[in-house]
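Understanding the architecture of this molecule
Residue strings, one per chain:
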Amino acid sequence: MTNHLLDGLLPGGTSPVFTQDTIPDALQTEHTLASGHWAVVHVLEGSLRFVNLETGDEQLISAPNRVTIRPGLPHRVALEGPLRCRIDFYREP
């Protein structure tokens, strides 16, 4: 987990806007991004808890903040009530 993207990353797509009712179960269980792939979770409304499974650190992310996720970092998110969020994906050239 970091708060910034590397320079020169290429856009790789955007998820739909998820709510507490539509956020995929896969995001709430342990997962990682593939090598060379980054993600930025934008919390549009409400809050979610980002759990870094490498260090055990947890961070509450509330609107309008975001969290940037580096490749290979084992992580998950946990719901904290009503939510709207979106994920932007990037890849290394």
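Anyway, here's the lowdown on the structure attached to this text.

So, how was this worked out
Residues numbered from 1 in each chain as written. Predicted model: local features only at pLDDT ≥ 70, side-chain atom pairs only at ≥ 80, totals over all residues. Heavy atoms only, no water. Helix = DSSP H or I, 4+ residues; strand = E, 2+ residues; numbered from the N terminus. Rg over C-alpha atoms; globule rule 2.2 N^0.38 Å. Buried < 20%, exposed > 50% of the residue type's maximum accessible area, 1.4 Å probe, protein only. Contact = heavy atoms within 4.5 Å. Areas by Shrake-Rupley, 256 points an atom, 1.4 Å probe, with all protein chains shown as cover.

**Focus: the overall build of the protein chain**
Counting its regular elements, the protein chain contains 0 helices and 6 strands. Reading the helices (α) and strands (β) of the protein chain from amino to carboxyl end gives β-β-β-β-β-β. For 93 residues, the compact-globule formula gives about 12 Å, and the C-alpha radius of gyration of the protein chain, at 12 Å, lands near that figure. Taking the principal axes of the C-alpha coordinates as reference, the protein chain spans close to 35 × 25 × 20 Å. Looking at the protein chain as a whole, 37% of its 93 residues qualify as buried. Contacts in the protein chain between residues at least 24 apart in sequence constitute 76% of all its contacts with a sequence separation of at least 6. For the protein chain, the accessible area works out to roughly 5,200 Å², and carbon and sulfur atoms hold 49% of it.

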